[in-house]
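Each chain is listed here by its residues.
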Amino acid sequence: MTVINEKQCNGCKICQIYCTVDAIIYNSEDKKCYVDQDLCTECYVCLRQKVCNRGAIEPIELDNFYKQFQHGMSDPVENHGVTGVTGRGTEEVKTNDVSGRVKKGEVGIAIDMGRPGMGVYLRDASKVAMAIAKVGVELQSAEHTPLAALMKDVKTGELIEDCLNYHLLSVIVEGKCAENKLKDVLGALQEVEKQIDTVFSLGLILRVDEFGQTKALACLDELSIPQPYWGKVNMGLGRPLSLD
Ligand code: SF4
Ligand code: SF4
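Residues numbered from 1 in each chain as written. Chains lettered and ligands numbered in written order. Predicted model: local features only at pLDDT ≥ 70, side-chain atom pairs only at ≥ 80, totals over all residues. Heavy atoms only, no water.

## A few points about the domain arrangement of the chain
Then, number 1: Per the domain assignment, the segments making up the chain are domain 1 (2-61) and domain 2 (82-222).
Then, number 2: Centre-to-centre, using C-alpha coordinates, domain 1 lies 33 Å away from domain 2.
Then, number 3: Facing seven residues of domain 1, the contacting portion of domain 2 comprises eight residues.
Then, number 4: Considering only the side of domain 1, the residues that lose the most area to domain 2 are T20, V21 and T41, jointly responsible for 60% of the buried surface there. (Domains from an automatic or database assignment. Contact = heavy atoms within 4.5 Å. Buried area = accessible area lost by both parts, 1.4 Å probe.)

Given below as structure tokens:
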């Protein structure tokens, strides 16, 4: 947990400009800053960068699982225990030609929620995971993606109550669906985006045919999801190559 030692703080407010989610608040009564614990994502930017030259910003040991999860998802240099990579999701979009988790006829879904300046509450991640699970997305299991460790049931996507009010810098909701379900999934996302208090970007992991084509982009056009679409291309050079 990140706190400001009031005895050390002189209220200069310099730390405020470094906080990724405006969680450092100035109190005009005692003329000192404090960390709003509901907003703080435990990203540790203020600590890593040593932004207070009086050493007033201090870490307190993260004493519960949700706090540790929050830090693991929000601090980009933290290695996540499940995935073994830094950051809050998997490397699926870059490695599917070898891992083969998304098969021919399927579409991988990676909803990247929250951004510096905004963050994401887990209650909103829960709403999004539930919305897409309801229309046929098979969510990634806890073996592969961090968020699943907080789900009551990976089939429904609902997160456990105790974690819902934790604020993260970002988190990724991951899963896959049959290609013919993609339109329903996109429709569900268009509905649920009205009910959440953050932003997200949508990554689609697509298997192209022998001509390099996919039907999915036509589906985006049908729903008036605006271009441009940015892409990363796996050349199929990874080995052993997944063929199914
Ligand atoms: S924590 Fe440090 S940088 Fe922030 S207001 Fe207090 S003295 Fe200034
Ligand atoms: S840990 Fe991150 S969110 Fe919390 S006060 Fe520091 S910079 Fe802000």
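So, next bit.
## Brief notes about a nonpolar patch on the surface
Then, number 1: Together, I14, I17 and Y18 give the surface a local cluster of nonpolar side chains, amounting to about 330 Å² of exposed area.
Then, number 2: A relative accessible area of 41% means that Y18 is categorised as partly exposed. (Patch = residues over 30% accessible without salt bridge, like charges linked within 9 Å, V, L, I, M, F, W, Y side chains within 5 Å. Areas by Shrake-Rupley, 256 points an atom, 1.4 Å probe, with all protein chains shown as cover. Salt bridge = Lys/Arg side-chain N within 4 Å of Asp/Glu carboxyl O. Buried < 20%, exposed > 50% of the residue type's maximum accessible area, 1.4 Å probe, protein only.)

## Considerations on the site of ligand 1
Then, number 1: The environment of ligand 1 is made up of I4, C9, N10, G11, C12, K13, C15, C33, C52, R54, A56 and I57.
Then, number 2: Residue composition of the shell around ligand 1, grouped by class: eight nonpolar, two polar and two charged. (Near = heavy atom within 4 Å. Nonpolar A, V, L, I, M, F, W, Y, C, P; charged D, E, K, R; others polar.)

## What to know about helix α4 (residues 122-134)
Then, number 1: Between its first and last C-alpha atoms α4 spans 18 Å; for 13 residues at 1.5 Å apiece the expected length is 18 Å, and the two agree.
Then, number 2: Residues of α4 that are buried include every one of L122, D124, A125, S126, V128, A129, A131, I132 and A133, and no others.
Then, number 3: Here the buried face of α4 lies against β5 (106-113), β6 (120-121), β7 (138-139), β8 (167-168), β9 (171-178) and α5 (182-192).
Then, number 4: One or two steps after α4, the chain reaches G136, where phi turns positive at roughly 110°. (Helix = DSSP H or I, 4+ residues; strand = E, 2+ residues; numbered from the N terminus. Expected span 1.5 Å × (residues − 1).)

## A word on the environment of A56
Then, number 1: In this fold, A56 is placed in the loop between α1 (45-48) and β4 (57-59).
Then, number 2: For A56, a relative accessible area of 2% puts it in the buried group.
Then, number 3: Distance from A56 to C15, taken between C-alpha atoms, is 10.0 Å for residues 41 residues apart in sequence.
Then, number 4: Among all residues touching A56, those that are not within four sequence positions of it are V3, I4, N5, Q8 and C9.

## Side note on the packing of aromatic side chains
Then, number 1: Under the definition given, this model contains three aromatic pairs.
Then, number 2: Here F65 and Y66 contribute two aromatic rings whose centre-to-centre distance is 5.7 Å and whose plane-to-plane angle is 70°, an arrangement assigned as edge-to-face.
Then, number 3: By relative accessible area, F65 is classed as partly exposed at 45%.
Then, number 4: Residue classification places Y66 among the buried residues on the basis of a relative accessible area of 18%.
Then, number 5: Ring geometry for Y66 against Y166: centres 5.6 Å apart, planes inclined by 40°, an arrangement best described as tilted. Separated by 100 residues along the polypeptide, Y66 in helix α2 (residues 65-74) and Y166 in the loop between β7 and β8 bring together distant segments of the chain. (Phe/Tyr/Trp six-rings, centres within 6.5 Å; stacked < 30°, edge-to-face > 60°.)

## Some thoughts on the pairing of strand β2 (residues 24-27)
Then, number 1: With four bridges connecting them, β2 and strand β3 (residues 32-35) associate as antiparallel partners. Residue Y26 lies in a different strand from β3, and its bridge partner there is C33. (Pairing = 2+ DSSP bridges.)

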